[in-house]
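# Examining the three-dimensional arrangement
Below, each chain spelled out in residue letters.
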Amino acid sequence: MKKIIVAIDGFSGCGKSSTAKAVAKNLGYAYVDSGAMYRAVTLYFLDNYVSEGNPKAVTKALGDIDIEFRLSAEQPPRNETYLNGLNVEDDIRTMRVSQHVSEVSKLPEVRRFLVAQQQKMGKKKGIVMDGRDIGTVVFPQAELKIFMRAELMERAQRRQAELLANEEVATLDEIAANLRDRDRIDSTRTESPLRQASDAVELDTTYLTFEEQVDVIVRLAYSKILQEDV
Ligand code: DC
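This text gives an overview of the structure that appears in the document. Since we're looking at a predicted model, the values are computed, not measured.

The three strands are arranged β3-β4-β5 in an open sheet whose pairing can be described as antiparallel. Pairing within the sheet leaves two strands with one partner each, and these edge strands are β3 (67–71) and β5 (86–87). Where strand β4 (residues 79–83) and β5 come together, two bridges link them in antiparallel fashion. Bridge pairing in β5 links Tyr82 to Asn87.

Rendered as structure tokens:
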């Protein structure tokens, strides 16, 4: 069977990552969380006091950043993010990183650095990648593009549960404000703003269960794979 690229974009907190991961597992494809890469760069900038307003410092810092995904030893294995050899999977999900990541993601140097790595990962196809510009910039030729949305408070509740699982407590208002802010910055930035590709399938997940949203995408993927096979 031919392999395709599945690009999943959308607003913050729509459940793109968990959905994309389950879709990849179902198809037997690799999964890449491109947001984790922007989060890892942000963590590095915060920990090393790299100023976003200083292009020289940004370029120098990017030269010192190595991001990898590795599978954990537990069963079933988790796909975990490593920054310069250190497991940062939990650190990159904190509110501290969420509060800065959209500003860092606006920087053209950061986008060029990460987009090049993401395109390399998709060379052989058979990949599901989620983010904000996957269907528009990273893989404009992707066979299947999904654009996910969901109502703000539903997204805030889902994110709160995720944070709690990581033992971080944040109020719904605080989380909703962060999601709203990130949506605004991500959609209005000059460099690769978040927007729905003209050939993307729109999926509103407000009233869908997790299983339903995965199922919709898997079905669409198989119909593309079979089409591509003819
Ligand atoms: O998917 P996420 O919420 O973990 O992403 C965190 C931030 O990274 C998001 O607010 C914007 C940025 N991002 C981006 O600009 N482009 C991507 N392809 C993925 C994420």
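From this point, things continue past the structure.
Moving on, we get to the pairing of β4. A large share of β4 lies buried, amounting to four of its five residues. The antiparallel hairpin formed by β4 and β5 contains two residues in its connecting segment, where Asn84 sits at a positive phi of about 45 degrees.

Take a nonpolar patch on the surface next. Taken together, the side chains of Met1, Tyr222 and Leu226 define a hydrophobic patch exposed on the protein surface, amounting to about 340 Å² of accessible area. Considering the arrangement of structural elements, one finds Met1 in the segment before β1 (5–10). We classify Met1 as exposed; its relative accessible area is 71%.

Running from N to C, helix α2 (residues 34–47) and helix α3 (residues 55–63) cross one another at 115 degrees; their axes reach a closest spacing of 11 Å. The two elements α2 and α3 cross, and the hand of that crossing is right-handed. Here α2 contributes Val41, Tyr44 and Phe45 to the contact with α3, which in turn contributes Val58, Ala61 and Leu62. Considering only residue class, the contact of α2 with α3 consists of six nonpolar, no polar and no charged.

Further remarks concern the nonpolar core. Grouped together as the largest cluster of nonpolar side chains are 33 residues, with contacts concentrated most on Val41, Phe45, Ile65, Ile67 and Val110. Those elements that provide at least two residues to this core are β1, α2, α3, α4 (95–105), α5 (108–121), β6 (127–131) and α6 (134–138). For this core, the leading source of residues is α2, giving eight residues. With sequence-adjacent residues up to four places away left out, Ile65 is seen in contact with Val41, Tyr44, Phe45, Leu83, Asn84 and Phe113.

Reading guide: rules and limits
Residues numbered from 1 in each chain as written. Predicted model: local features only at pLDDT ≥ 70, side-chain atom pairs only at ≥ 80, totals over all residues. Heavy atoms only, no water. Pairing = 2+ DSSP bridges. Helix = DSSP H or I, 4+ residues; strand = E, 2+ residues; numbered from the N terminus. Buried < 20%, exposed > 50% of the residue type's maximum accessible area, 1.4 Å probe, protein only. Patch = residues over 30% accessible without salt bridge, like charges linked within 9 Å, V, L, I, M, F, W, Y side chains within 5 Å. Areas by Shrake-Rupley, 256 points an atom, 1.4 Å probe, with all protein chains shown as cover. Salt bridge = Lys/Arg side-chain N within 4 Å of Asp/Glu carboxyl O. Axes fitted to C-alpha atoms, helices over the stretch in contact; angles between N-to-C directions. Left-handed = near helix turned anticlockwise from the far one by under 90°. Contact = heavy atoms within 4.5 Å. Nonpolar A, V, L, I, M, F, W, Y, C, P; charged D, E, K, R; others polar. Core = buried A, V, L, I, M, F, W, Y, C linked by side-chain atoms within 4.5 Å.

Any link to function would need more than the numbers given here.
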